[in-house]
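# Report on the structure
So the chains spell out like this:
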Amino acid sequence: MKKLSLILFSLLFLLIQSNLSISAEKIIIGNAKVIDGDSIKIGSKKIRLFGIDAPEKKQKCKKITLGFFIFNFQKEYACGLNSTKFLKKKIHNREVKCKYDSMDFYKRFLSICFYGELDINQWMVRNGQAIAYRKYSKKYVLDENYARENKVGIWKGSFTKPEKWRRIMN
């Protein structure tokens, strides 16, 4: 009887442990401070928005100012600052919930963040303020396609992908 009780207790313990580990999400909640178009800070925790890549703060893009038959006149603008301002307008100093699985090389939490029910990562890509970071995830590719087809944000003109821009500038 003791042996059966010990076995049942052990099985119950293992079952409870496995359920706890499955349901224990890694979450950071707090008021967001926007660093740039794909990075925020909650308290002392630095967070990188997973699956997206936004233009860098100093990055310039071009947008069409005048189109005439096959000729397009483009003007340079600060797309990196635009991306940062766009995100700030939505979430700066507001409560955000970020779900993460891991950290990157720079010790930032790689997260999908939400403002209420809104997936902020997806919102940035769908509004043309970031691109899907295919190197790490395909999650936001359809949102990027939508932004490109509708010529919103950086898709109104031409730009260098942020990853390539960082390589060129370093």
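Before any of the text, the structure's been laid out above.
Below is a short write-up of the structure.

So, how was this worked out
- Residues numbered from 1 in each chain as written.
- Predicted model: local features only at pLDDT ≥ 70, side-chain atom pairs only at ≥ 80, totals over all residues.
- Heavy atoms only, no water.
- Disulfide = S-S within 2.5 Å.
- Helix = DSSP H or I, 4+ residues; strand = E, 2+ residues; numbered from the N terminus.
- Buried < 20%, exposed > 50% of the residue type's maximum accessible area, 1.4 Å probe, protein only.

Once that is clear, we can look at the state of the cysteines. This model, assessed by the stated rule, comprises two disulfides. Here Cys 61 pairs with Cys 79 through a disulfide, and the sulfurs are 2.0 Å apart. Every disulfide takes its handedness from the sign of the S-S torsion; for Cys 61 and Cys 79 that torsion is 60°, giving right-handed. Highlighted residues: Cys 61 in strand β5 (residues 61–68) and Cys 79 in helix α2 (residues 79–91), separated in sequence by 18 residues. With a relative accessible area of 1%, Cys 79 lands in the buried category. Sulfur-sulfur distance for the disulfide between Cys 98 and Cys 113 comes to 2.1 Å. Taking the sign of the torsion about the S-S bond as the criterion, the disulfide between Cys 98 and Cys 113, at about 110°, is right-handed. Of this pair, Cys 98 sits in strand β7 (residues 95–103) while Cys 113 sits in strand β8 (residues 109–115), placing them 15 residues apart in sequence. The same class applies to Cys 98 and to Cys 113, which are both buried. Taking only the cysteines that form disulfides and numbering them from first to last, the protein chain has the pattern 1-2, 3-4.

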